[in-house]
Amino acid sequence: MPMSKIKPSRGAPYARILGVGGYRPTRVVPNEVILEKIDSSDEWIRSRSGIETRHWAGPEETVAVMSIEAAGKAIADAGIEAAQIGAVVVSTVSHFSQTPAVATEIADKLGTDRAAAFDISAGCAGFGYGLTLAKGMVVEGSAEYVLVIGVERLSDLTDLEDRATAFLFGDGAGAVVVGPSQEPAIGPTVWGSEGDKSETIKQTVPWDRFRIGDVSELPVDSEGNVKFPAITQEGQAVFRWAVFEMAKVAQQALDAAGISPDDLDVFIPHQANVRIIDSMVKTLKLPEHVTVARDIRTTGNTSAASIPLAMERLLATGEAKSGDTALVIGFGAGLVYAATVVTLP
């Protein structure tokens, strides 16, 4: 075969997370508010999920606004300027404009210099997917610095009359800057999907059902009003899958990075359910010295935002420190998953 005429890429030898930032909406919602529309109790919610409070966005706290706030903090934490960002990757399922991507608005308002910008939809694994793409861009050389944002306004997709999910979801944005490194600081990603189980977490009604005009088969609330599409899930099926299958994926990520549980300093799983987190800790046999993120207690499940938000809080409180080795894993609708080992910024 003739030799290729394509010039080889020249990126950094490795990539790392250089900065992290987060934004939590100002409104804090306790379980008592959730109990106004479902037959349950504060004790039941805490025992089943670990959630005590969550943040819900106000009208002005849009997906873009929350993202810009989190991203600004991450850029400052990384010690760079917005104009140096070469790509913006936003993971979200709650930006309701099909096009253009909200990433383009964020890139512009942050003051990047015409950065590449796009959205991805990978549910609660979205941060891991974005991180993997960012690492590839930095090493390949298409961007020196990449901004990865996980952001959700899941209060917009919550059925407050659904006893199984009304208490789960919160809003917020988390962001990281990924840039060049002289040593490995983001390990190989173990990721994938199990589409045969996609019905276990899904949107109740597709958007196009509202175009038909016949609303007779659409779900209605207790007052007879047509319900806005919401996220629903088969709780037990998701729980079993997460506990048994995701512990295997987490172990694969450790093995791929050449890391043993004893080498870990921090474990940052997707904040879906504190019982899932505790079960994974037990299955992985994590040592006592490993700090485990349980941000779900006061933040709820924020899907794509949950891992960077939990990471930011651990660093801010001193529970984790710069240079710590952390295992991160996200999993959710699809069913999709992504796990990797990183060095904390």
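Our subject is the structure listed above.
This text gives an overview of the structure that appears in the document. (Residues numbered from 1 in each chain as written. Predicted model: local features only at pLDDT ≥ 70, side-chain atom pairs only at ≥ 80, totals over all residues. Heavy atoms only, no water.)

### Things to note about helix α9 (residues 306–317)
At step 1: Taking 1.5 Å as the rise per residue, α9 with 12 residues should run 16 Å; its terminal C-alpha atoms sit 16 Å apart, in good agreement.
At step 2: For α9, the complete set of buried residues consists of Ser306, Ile307, Pro308, Leu309, Ala310, Met311, Glu312 and Leu314.
At step 3: Count one or two residues on from α9 and you reach Gly318, which has phi positive near 85 degrees. (Helix = DSSP H or I, 4+ residues; strand = E, 2+ residues; numbered from the N terminus. Expected span 1.5 Å × (residues − 1). Buried < 20%, exposed > 50% of the residue type's maximum accessible area, 1.4 Å probe, protein only.)

### Some words on the sheet that holds strand β4 (residues 85–91)
At step 1: With respect to topology, five strands assemble into an open sheet ordered β1-β7-β6-β4-β5, the strand pairing being mixed. Since the sheet does not close on itself, it has two edges, and those belong to β1 (14–23) and β5 (116–120), each with one partner. The mean inter-strand angle of the sheet, taken between neighbouring strand axes irrespective of direction, is 20 degrees.
At step 2: As judged from the eight bridges shared by strand β6 (residues 145–153) and strand β7 (residues 171–181), these two strands associate in the antiparallel manner. Opposite Val146, over in β7, you have Val178 as the bridge partner.
At step 3: Sheet strands in contact with helix α3 (residues 63–78) are β1, β4, β6 and β7, and its direction is about 130 degrees off that of β1. (Pairing = 2+ DSSP bridges. Axes fitted to C-alpha atoms, helices over the stretch in contact; angles between N-to-C directions. Contact = heavy atoms within 4.5 Å.)

### Some details on the layout of surface pockets
Rolled over the atoms, a probe with the dimensions of a water molecule shows which regions are left empty.
At step 1: Counted as a void, the largest pocket has a volume near 1200 Å³.
At step 2: Where the lining of the largest pocket is concerned, the elements lending two or more residues are α2 (42–49), β5, β9 (201–203), β10 (231–233), α6 (235–257), α7 (274–284) and β13 (325–332).
At step 3: Here the element with the most residues in the lining of the largest pocket is α6; it accounts for five residues.
At step 4: Grouping the constituent residues of the lining of the largest pocket by class yields 25 nonpolar, 19 polar and six charged. (1 Å grid on protein atoms, 1.4 Å probe; cavity = no way out; pocket = protein on both sides within 12 Å on 5 of 7 lines; lining within 4 Å. Points joined across faces, edges and corners; volume = space filled by probe spheres on them. Nonpolar A, V, L, I, M, F, W, Y, C, P; charged D, E, K, R; others polar.)

### Looking at the packing of α6 against α7
At step 1: Where α6 contacts α7, the two axes come as close as 9 Å, and the packing angle between them is 40 degrees. For the element pair α6 / α7, the angle class is oblique. Crossing geometry of α6 relative to α7 is assigned as right-handed. Facing α6, whose interface residues are Phe239, Ala242, Val243, Met246, Ala247, Ala250 and Gln251, α7 presents Arg275, Ile276, Ser279, Met280, Thr283 and Leu284.
At step 2: A class-by-class count of the residues in the contact of α6 with α7 yields nine nonpolar, three polar and one charged. (Parallel < 35°, antiparallel > 145°, perpendicular 65-115°, else oblique. Left-handed = near helix turned anticlockwise from the far one by under 90°.)

### As for the nonpolar core
At step 1: In terms of nonpolar packing, the biggest core is built from 46 residues, with Met246, Phe267, Ile276, Met280, Leu327, Ile329 and Phe331 touching the most fellow members.
At step 2: Elements that contribute at least two residues to this core include exactly α6, α7, β13 and β14 (336–343).
At step 3: Per element, the largest residue contribution to this core is 10 residues, and it comes from α6.
At step 4: Ignoring any residue separated from it by four or fewer positions in sequence, one finds Ile276 in contact with Phe239, Ala242, Val243 and Phe331. (Core = buried A, V, L, I, M, F, W, Y, C linked by side-chain atoms within 4.5 Å.)

### Digging into the side chain of Thr53
At step 1: Among the structural elements, Thr53 can be located in strand β3 (residues 53–56).
At step 2: Residue Thr53 is classed as buried on the basis of its relative accessible area of 19%.
At step 3: Of note is the side chain of Thr53, whose polar atom sits 3.4 Å from the backbone oxygen of Thr298.
At step 4: In contact with Thr53, other than residues within four places in its own chain, are Val28, Val29, Pro30, Ile296, Arg297, Thr298, Thr299 and Gly300. (Polar contact = N/O pair within 3.5 Å; in protein donor to acceptor, adjacent residues only side chain to side chain.)

By themselves, these figures tell us nothing about what the structure is for.
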